[in-house]
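Overview (structure and organization)
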Amino acid sequence: MPFSLHPSDLIGDVVPLRFRNIDATPEDPVDAWGFEGMLAAIDRGYAVDWRKLIEAVSADPALREIYEDARAAAESASTVALLDAALAVRERSPAVEARDRLRSAFRATRLTQAQLAARLGTSRPRVTSYLSGAVTPSMDVLVAVEALARERRAPSLAAHLELV
């Protein structure tokens with residue numbers, strides 16, 4: 001008889017993370033995990049464990065060296081890449097967050113810098129300084145550019161409606 005799997009064979013209880021050969025448990029604070037606990041969380045953990053790890057490492061610089069050693073020894077390159085990306089996002093400054101949101105919204109508008117500047121009532125060099133990150137825009141500017149991007153994605157149908 002050939003071997004086959006039914007989808008129900010793949011569904012089961014998720015086994016929670018457990019540490020081996022250390023006194024700490026996943027419920028303990030991350031600073032109690034040490035290298036072995038961090039390595040276990042990276043290789044055998046789940047999103048809840050990774051979130052706890054990332055929050056702790058970003059909040060406590062003393063844990064960064066242990067994390068770096070554990071990530072270097074980890075078997076799962078894809079999990080390490082995911083955790084590195086999550087850590088980078090968590091450690092972004094508000095100014096970098098604003099710049100990235102503005103850049104994303106600007107691209108979505110499909111306007112030139114000069115066209116955007118005209119719509120915002122400012123100069124093209126000022127828009128350039130916002131997009132480069134040299135100047136952090138006000139919340140009004142960010143909200144206005146995001147609104148222009150939304151308008152580009154889903155233009156108002158009101159202009160196209162005809163009364164019958």
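Summary of the structure given here.

Across the interface, helix α6 (residues 94–109) lies against helix α8 (residues 124–132) with an axial gap of 8 Å and an inter-helix angle of 120°. Classified by the angle their axes make, α6 and α8 are oblique. Contacts between α6 and α8 pair Arg99, Leu102, Arg103 and Phe106 from the former with Tyr130, Leu131 and Ser132 from the latter. A breakdown of the residues in the contact of α6 with α8 according to their chemical character gives four nonpolar, one polar and two charged.

Bringing the packing of aromatic side chains into the picture now. According to the stated counting rule, one finds one aromatic pair in the structure shown. An angle of 75° between the planes, with centres 5.2 Å apart, marks the rings of Phe19 and Trp33 as edge-to-face. Here Trp33 lies in the loop between α1 (7–10) and α2 (34–44) and Phe19 lies in the loop between α1 and α2, a separation of 14 residues in the sequence. Here the two residues Phe19 and Trp33 agree in accessibility, since each one is buried.

Reading the values: the criteria
Residues numbered from 1 in each chain as written. Predicted model: local features only at pLDDT ≥ 70, side-chain atom pairs only at ≥ 80, totals over all residues. Heavy atoms only, no water. Axes fitted to C-alpha atoms, helices over the stretch in contact; angles between N-to-C directions. Helix = DSSP H or I, 4+ residues; strand = E, 2+ residues; numbered from the N terminus. Parallel < 35°, antiparallel > 145°, perpendicular 65-115°, else oblique. Contact = heavy atoms within 4.5 Å. Nonpolar A, V, L, I, M, F, W, Y, C, P; charged D, E, K, R; others polar. Phe/Tyr/Trp six-rings, centres within 6.5 Å; stacked < 30°, edge-to-face > 60°. Buried < 20%, exposed > 50% of the residue type's maximum accessible area, 1.4 Å probe, protein only.

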